[in-house]
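Structural features, examined
For reference, the chains in residue letters:
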Amino acid sequence: MNRRKHLNFNANEEVSVSRVLTGLSLAALICLAGISIKSWQSGHHRHAIVLGLFFGLVVVNLVSYWITRNRARNKTGMLFIVGGLFVYLVASGGESNTGPLWLYVFPPLVFYLTSLRIGTILLAACLAFTLLVFQFPQLPFVLAHYETNFQLRFFTTMLFESVFCFVLETSRLNARNELMRLAASHEQAARTDALTGLPNRRDMQLQLANEFSRYQRSGHHFSVVLIDLDHFKQINDTYGHDVGDLVLQAFAELMQNICRQSDRPCRWGGEEFLILLPDTSLLQALTLSERLRYEVEQHGFIHKSQRLPVSISAGVCSISQSDSIDHLLRQADKNLYDAKESGRNRISPRVRTPSTRSPASS
Ligand SMILES: Nc1nc2c(ncn2[C@@H]2O[C@H](COP(=O)(O)OP(=O)(O)OP(=O)(O)O)[C@@H](O)[C@H]2O)c(=O)[nH]1
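On a predicted model such as this, the values are computed, not experimentally measured, just so you know. (Residues numbered from 1 in each chain as written. Predicted model: local features only at pLDDT ≥ 70, side-chain atom pairs only at ≥ 80, totals over all residues.)

Let's shift gears to the overall build of the protein. Across its full length, the protein carries eleven helices and seven strands. Across the 362 residues that make up the protein, the buried fraction comes to 26%. Put simply, of all contacts in the protein between residues at least 6 apart along the chain, 63% involve residues at least 24 apart. (Helix = DSSP H or I, 4+ residues; strand = E, 2+ residues; numbered from the N terminus. Buried ≥ 20, exposed ≤ 12 C-beta atoms within 10 Å, placed from the backbone. Contact = placed C-beta atoms within 7 Å.)

Dropping the structure here:
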């Protein structure tokens, strides 16, 4: 998967975590308000007030997220609040010593909101704190006393749930990574020509659209070169399709060697290739095309000690002569047709030199 897609994937995941977090915060508010009111009515005023304080913290965290849209702070805030609430519930016992039961919510939540490593550390800390409270009820902050039976069952089930959540989260992450790897390789395959390894037409259309937007935004000119191998059918017919394939591969390699790092060649389809030349004027594009034509002519495509008659024709066009990508490609195609019509193994439009008059200008 390319970097942009990967970032999008992560961003989407972050957005869904945020949505779940907002939902959880609202659910926590309802629970806290309900239990706090009930405790107040049953005369457990201290418990009701503490829960009211946690209610306030959840509200502050939620409102601060709505104002700042800072997801990371919202997540950390929520973890601190929930962690603090559980510490309080385990130490105080909550109502009728049922406080620790809320801890069962913690393992899935903590893995969902953090990473596997941080989640494991937080859970281990949580279990260690529970053990501390169970083992040392005389500590000053411990207000509850739990039956040994309850301690044993609670600790075992909690440990089981934590390990189970860890295993589930590990396999979820593995499946997610595998999915991302597959998506990346499919994306790559969908944009690449299998024979030459060059970007394919679909990929080039996206690149052209991007380059055109850049041109419209900041006036950066670009040119395209549309290349066609001459009499390619004859090569196929005379030497076979496999040899034709080898010629296409060898030409693609030669073209890549001649292009600059910033030039973007692609296989446009069949025996046609297109090079997108960013920040390149028509004259510069013509110079590159002429060099490529010359190199192909000189290269010597050999099959069974026989030199194959390989040459190219190309139509060149610059965005400064067009008002859209469609028009640019149509013009390049027309120029390619002219190059073919005027004898092949040539570039169109022709560069005017003291000895040649360009047909384009005549
Ligand atoms: N070996 C091979 N041949 C291909 C491939 N794609 C297209 N071709 C062949 O390319 C040939 C193109 O032939 P034409 O369109 O008649 O053009 P041409 O023979 O190159 O003649 P001009 O373009 O007029 O110079 C056809 O025979 C196609 O079968 C490919 O991937 N491999």
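From this point, the discussion proceeds with the structure in view.
For the rest of this paragraph, the subject is the site of the ligand. Around the ligand, 16 residues are found, and the nearest of them are D230, F232, K233, G244 and G270. Counting only elements with at least two residues in the shell around the ligand, the list comes to β1 (222-229), α8 (232-239) and α9 (241-258). Of the residues forming the shell around the ligand, the biggest block, four residues, is contributed by α9. (Near = placed C-beta within 6 Å.)

Here we take up the environment of R117. Following the sequence through the fold, R117 ends up in helix α5 (residues 116-135). Along the chain, R117 and F166 lie 49 residues apart, while their C-alpha atoms are 9.7 Å from each other.

Read across the open sheet, the five strands follow the order β2-β3-β1-β6-β7; overall the sheet is mixed. Single-partner strands in this sheet number two, and they are β2 (264-269) and β7 (347-348). Bridge analysis of β1 against strand β6 (residues 312-318) gives seven bridges, and the strand direction is antiparallel. Across the sheet, I227 pairs through a bridge with A314, a residue of β6. Contacts between helix α11 (residues 325-341) and the sheet are confined to β1, β6 and β7, with β6 contributing the most and set at about 145° to the helix. (Pairing = 2+ DSSP bridges. Axes fitted to C-alpha atoms, helices over the stretch in contact; angles between N-to-C directions.)

Right, let's talk about the UniProt feature "transmembrane region" (unreviewed entry) in the protein for a bit. UniProt records the feature "transmembrane region" (unreviewed entry) for residues 20-37, 49-67, 79-103 and 109-134 in the present numbering. Span residues 20-37 is 100% helix and 0% strand, its end C-alpha atoms 26 Å apart. With 56% helix and 0% strand, residues 79-103 has end C-alpha atoms that lie 13 Å from one another. (UniProt positions renumbered as here; feature names shortened; annotations may be inferred.)

Our focus in this paragraph is the pairing of strand β3 (residues 272-278). With five of seven residues buried, β3 is to be regarded as a mostly interior element. As paired strands, β1 and β3 are joined by seven bridges and run antiparallel to one another. Counterpart to L226 in the pairing with β3 is L274. Taken together, the five bridges between β2 and β3 define a ladder with antiparallel strand orientation. By the bridge assignment for β3, P265 is matched with I275. Turn length for the β2-β3 hairpin, with the two strands adjacent in sequence and antiparallel, is two residues, and the turn residue G270 shows positive phi of about 55°.

Attention now moves to the nonpolar core. One finds V224, V225, L226, L274 and A314 to be the most contacted residues of the largest nonpolar core, which totals 37 residues. Broken down by secondary-structure element, the contributors of at least two residues to this core are α7 (201-218), β1, α9, β2, β3, α10 (282-299), β6 and α11. Ranked by residue count, the leading element in this core is β1, at six residues. If we skip the residues at most four places from it in the chain, L226 touches W268, E272, L274, A314, G315, A332, D333 and L336. Core analysis: the next-biggest nonpolar cluster, separate from the first, contains 26 residues, A28, L85, F106 and M158 among them. (Core = buried A, V, L, I, M, F, W, Y, C linked by C-beta atoms within 7 Å.)

Attention shifts here to the packing of helix α3 (residues 71-92) against α5. Contact geometry for α3 and α5: axes closest at 10 Å, N-to-C directions at 20°. Compared by their axis directions, α3 and α5 come out roughly parallel. Crossing handedness for the pair α3 and α5: right-handed. Where α3 abuts α5, its residues F86, V87, V90 and A91 lie against C126, F129, T130 and V133. Looking at side-chain class alone, the contact of α3 with α5 contains seven nonpolar, one polar and no charged residues. (Parallel < 35°, antiparallel > 145°, perpendicular 65-115°, else oblique. Left-handed = near helix turned anticlockwise from the far one by under 90°. Nonpolar A, V, L, I, M, F, W, Y, C, P; charged D, E, K, R; others polar.)

Turning next to the packing of α3 against helix α4 (residues 106-113). Two elements in contact, α3 and α4, have axes separated by 11 Å at closest approach and are oriented at 160°. The angle between the axes of α3 and α4 places the two elements in the roughly antiparallel class. Note on packing geometry: the crossing formed by α3 with α4 is left-handed. Counting all contacts with α3, which are made through K75, M78, L79, V82 and F86, the residues of α4 involved are F106, L109 and L113. Partitioned by chemical class, the residues of the contact of α3 with α4 number seven nonpolar, no polar and one charged.

So, on to the pairing of β6. Taken across its seven residues, β6 has seven buried, putting it largely inside the fold. Where burial is concerned, the two faces of β6 agree: the one with I312, A314, V316 and S318 and the one with S313, G315 and C317 are both buried. One ladder, built from two bridges, connects β6 with β7; its direction is parallel. If you follow G315 over to β7, its bridge partner there is S348.

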